[in-house]
Amino acid sequence: YHPPYSATRRVLEDVAPNPALALDLEAHPSNLRLMAEARASPERDIVIVTSDTSQLDIATNLVANLADVGVHNYVVIAATKDLCERISTRLACVWTSLMDPFRQRLQRAGTNMVRTNWLCRQIYVGRLSRLGFNPMLLDADVILFHNPFALIRQHLPGYQAIFLGDTSA
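Residues numbered from 1 in each chain as written. Predicted model: local features only at pLDDT ≥ 70, side-chain atom pairs only at ≥ 80, totals over all residues. Heavy atoms only, no water.

Trainee: Which residues make up the packing of helix α2 (residues 31-39) against helix α6 (residues 113-130), and what values do they have?
Mentor: Two quantities define a packed helix pair, namely the angle between the axes and the distance from one axis to the other. The N-to-C vectors of α2 and α6 enclose an angle of 75 degrees; their axes lie 11 Å apart at closest approach. Taken as axis vectors, α2 and α6 run roughly perpendicular relative to one another. Contacts between α2 and α6 pair Leu32, Met35 and Ala36 from the former with Tyr124, Arg127 and Leu128 from the latter. Across the contact of α2 with α6, the residue classes tally to 5 nonpolar, no polar and 1 charged. (Axes fitted to C-alpha atoms, helices over the stretch in contact; angles between N-to-C directions. Helix = DSSP H or I, 4+ residues; strand = E, 2+ residues; numbered from the N terminus. Parallel < 35°, antiparallel > 145°, perpendicular 65-115°, else oblique. Contact = heavy atoms within 4.5 Å. Nonpolar A, V, L, I, M, F, W, Y, C, P; charged D, E, K, R; others polar.)

Trainee: Which residues make up the state of the cysteines, and what values do they have?
Mentor: One pass over the full model with this rule turns up 1 disulfide. Each disulfide pairs two cysteine sulfurs, and for Cys84 the partner residue is Cys93, the sulfurs being separated by 2.2 Å. Disulfide Cys84-Cys93: the torsion about the S-S bond is 95 degrees, which places it as right-handed. The buried category is assigned to Cys84, whose relative accessible area is 0%. (Disulfide = S-S within 2.5 Å. Buried < 20%, exposed > 50% of the residue type's maximum accessible area, 1.4 Å probe, protein only.)

Trainee: I'd like a rundown of the sheet that holds strand β3 (residues 93-95), residues and numbers included.
Mentor: In spatial order, the strands read β3-β2-β1-β4; together these 4 strands make up an open sheet with parallel pairing. Edge positions in the sheet fall to β3 and β4 (134-137), since each has one partner strand and no second. Between one strand axis and the next, the sheet turns by 30 degrees as a mean value, whatever way the strands run. Where strand β1 (residues 45-51) lies against strand β2 (residues 74-78), 5 bridges are found, and the strand directions are parallel. The residue of β2 that forms the bridge with Ile48 is Val75. Along the sheet, helix α3 (residues 56-68) contacts β1 and β2; its crossing angle with β1, the most-contacted strand, is approximately 160 degrees. (Pairing = 2+ DSSP bridges.)

Trainee: Before we move on, could you go through the nonpolar core and cite the residues and values that matter?
Mentor: Core analysis: the biggest nonpolar cluster contains 44 residues, and Leu25, Met35, Val47, Leu66, Tyr74, Val94 and Leu128 have the highest contact counts within it. Contributions of two or more residues to this core are made by α2, β1, α3, β2, α4 (81-87), β3, α6 and α7 (148-155). Ignoring anything within four residues of it in the chain, the contact list for Leu25 reads Asn31, Leu32, Met35, Ile77, Val94, Trp95, Thr96 and Tyr124. (Core = buried A, V, L, I, M, F, W, Y, C linked by side-chain atoms within 4.5 Å.)

Given below as structure tokens:
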């Protein structure tokens, strides 16, 4: 899904970032709830996307695609504080220090930053569900043609956490 540049810009103008969110989810026990309350829909739906600098273009494209199908309740978990601060005036973002104590061990195990961020988002999906939100985990290279939350409510009522299964990694 690559709309013309002007269409992407128009759609992104409709996406309210909320720069106040540019925070570390782990810096305070209430930060995850504060983020979710600020970004979730009235039905408590929220899309979780992760990105690093090299994937930012496709993550931004996904945010534009979400807006195009009527989903404005998303948050990007940026790979670093610097990246989040850089994009926070255009995209709703947070970052996490959750894995900081384990970075060296993860690197020795051959786990790169992208996969570490994927692990974090899985953890946050569980935590958000426990807080009563309806998180949807999406890879940045996903394309949506309809509002997925509306379809889920219609065809899968009662489901709370929605995530994808990707065995390619």
